Structures are given as structure tokens and as C-alpha cells.
Amino acid sequence: MSKDKKNSVSMDPFQAWSHKVGRIGTVIALLYMLSIPFVVLTVYDAMPSFGDVINVSTISILLIYIPVGISEAISYTPILGSSSYLTFLTGNIMNLKLPCAINAIKLTETEQNTPEGDAVASVAVAVSSIMTVVILALAALLSSQIGFIFEIPQIKTASNYIIPALFGSLSLGLVASGNSGSKVVKNGMKGVIPVLIIVTLLSLFVRITSGGSLFGAIGFLIIAMLPVAIITSRVLWKKGVITVEDNPAMEKKN
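The sections below set out a description of the structure shown in this document. All of these numbers come straight from a predicted model, not from anything done at the bench.

Rules and cut-offs
Residues numbered from 1 in each chain as written. Predicted model: local features only at pLDDT ≥ 70, side-chain atom pairs only at ≥ 80, totals over all residues. Heavy atoms only, no water. Core = buried A, V, L, I, M, F, W, Y, C linked by side-chain atoms within 4.5 Å. Buried < 20%, exposed > 50% of the residue type's maximum accessible area, 1.4 Å probe, protein only. Helix = DSSP H or I, 4+ residues; strand = E, 2+ residues; numbered from the N terminus. Contact = heavy atoms within 4.5 Å. Phe/Tyr/Trp six-rings, centres within 6.5 Å; stacked < 30°, edge-to-face > 60°. Polar contact = N/O pair within 3.5 Å; in protein donor to acceptor, adjacent residues only side chain to side chain.

In this section: the nonpolar core. Tyr76, Ile79, Leu80, Ile93, Leu98, Ala101, Ile102, Ile105, Ala121 and Val125 form the largest nonpolar core, which has 10 residues in total. Counting only elements with at least two residues in this core, the list comes to helix H4 (56-80), helix H6 (93-107) and helix H7 (115-141). For this core, the element with the highest residue contribution is H6, accounting for five residues. Among residues more than four places away in sequence, those in contact with Ile93 are Glu72, Tyr76, Thr87, Phe88, Leu98 and Pro99.

And the structure:
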């Protein structure tokens with residue numbers, strides 16, 4: 001047997017199909033999204049010059065969103081599996097699609113990056129996307145009837161806490177549970193502490209030195225913290241501080 005055959009990994013038919021369709025769909029969606037502005041600008045003879053498009057403002061925006069996009073692809077793909085294609089195309093990942101996928105995987109007691117887990121995550125993301133479109137369509141049709149509700153001071157105040165509440169609930173669910181399918185992580189919080197300390201120090205440094213918003217550094221911080229989190233967890237696991245054990249719930253189920 002050749003070396004290539006020994007190192008080859010067979011993929012489940014569903015996952016192979018998902019990745020194939022996902023790649024094709026992503027390319028088609030990107031071409032579609034990029035072609036619309038060019039077609040509209042060409043029809044109305046309003047094509048801007050290169051200097052109008054690429055300037056200081058657009059470069060500053062790219063410096064924010066490119067690192068964020070890279071960090072999201074690196075950190076979310078291991079969780080979402082083959083459902084990542086649909087997730088990244090439809091957007092609202094951290095505040096909607098990722099919580100839906102994680103919750104669906106937990107409710108169905110499946111494992112991440114397995115054929116079952118990928119199927120469950122894909123259905124969760126798809127249903128979430130459909131519901132988003134339905135809700136937005138209803139809001140657009142009924143905007144004149146329900147628009148006054150969003151002007152109520154209490155509603156305005158509550159809306160400011162929606163995103164923090166989503167982040168808090170998601171973070172609490174991830175931190176409080178060490179359940180990872182057939183395995184359970186013990187003392188996993190000890191691996192988070194060094195990362196939190198470094199993030200806090202970097203955040204304070206950025207705030208003190210620039211005095212501006214930290215949003216522009218979020219993507220770089222996430223990318224920088226990924227290897228820190230992996231290395232820290234591995235060191236603590238090697239030293240026996242963090243342990244990975246069989247999940248009793250999965251053993252009872254089997």
C-alpha cells in the first residue's frame with residue numbers, strides 16, 4: 001500500500017456531499033453578490049474609479065473585518081462542520097446561527113464534526129435562516145402598524161441589551177458545560193483563565209494607548225488568542241490539570 005493510501009481518510013457520504021455542494025454554492029453566491037453592484041453600476045453608467053473605491057476609509061474598514069472574518073473561519077468551522085458554508089453565507093453567526101447550531105447539537109446529543117452533528121447543525125442553521133427571512137418579511141409588511149412599538153422608551157432601552165444577553169448566554173453555556181459528545185472535559189475553566197488575563201491586559205493596553213474603540217482590534221485579538229488557548233489547554237492537559245474522560249451520559253445511552 002502506498003504512503004498516500006495509508007494517509008488517506010475516508011469521509012462519510014453525507015459530509016462529502018455537503019462539502020461539495022457547499023463549495024459550489026459558496027462560489028455561486030459570491031459571484032452573484034459581487035456581480036450585482038457591477039451590473040447595476042454599469043446599467044446606470046455610475047461606475048466609480050479605483051481611487052473612489054480603495055481609499056483610507058475602505059482600507060480602515062478592511063483592516064477591521066478581514067481579521068474578524070479569518071478568525072471566525074478558524075474558530076467556528078470546527079464547531080459547525082460542513083454547515084459552515086451555509087452559516088457564513090447567511091451571516092449573523094455569533095449572535096444567531098452559532099447558538100442555534102450548538103443548542104441543536106446538545107439537544108439531539110450528537111457530536112460536533114460527525115455526520116449526525118453536521119446534519120443537525122445544517123438543519124438548525126437552515127431553519128434559523130428561513131425564520132429570519134420570514135420575520136424580516138413580516139416586519140417589512142407590517143412596519144406601518146408596528147413601527148410605533150420600537151419608539152417606546154422601554155423597548156429602546158431593552159434593545160440595547162439584546163446582543164450582550166446573547167453573548168452572555170452563549171458564553172455561559174460554553175463555559176459552564178464541559179460536555180463534548182462522548183467525552184467530558186474536567187477543570188476546563190483553568191485553561192480559560194490565562195487567555196482571559198492576556199485578553200484583559202491587551203484590551204487595557206489598546207484603550208490606554210489609543211483611547212479609541214477596541215472593535216478594530218477584535219479580529220487580531222481572536223487570531224492571537226487561538227494559539228494561546230490551544231497551547232495553554234495542551235500544557236494543562238499534559239500536566240494533568242485538565243482531564244478528558246468518557247461521558248457517563250453517553251455510556252448509559254449506549
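On to the packing of aromatic side chains, then. Using the criterion set out here, one finds one aromatic pair in the structure. Note on Phe14 and Trp17: the rings are 6.2 Å apart at their centroids and 35° apart in plane angle, and the pair reads as tilted. In this pair, Phe14 and Trp17 both sit in helix H2 (residues 13-43), three residues apart, roughly one turn of the helix. A residue is classified by how much of its surface remains accessible, and Trp17, at 53% relative accessible area, is exposed.

With that settled, consider the side chain of Ser122. Position of Ser122 relative to the elements: it lies in helix H7. For Ser122, the side chain forms a polar contact with the main-chain oxygen of Asp118, separated by 2.7 Å. Apart from residues lying up to four places away in sequence, Ser122 is in contact with Ser82, Ser83 and Leu86.

Keep in mind that these numbers describe shape and distance, not what the molecule does.
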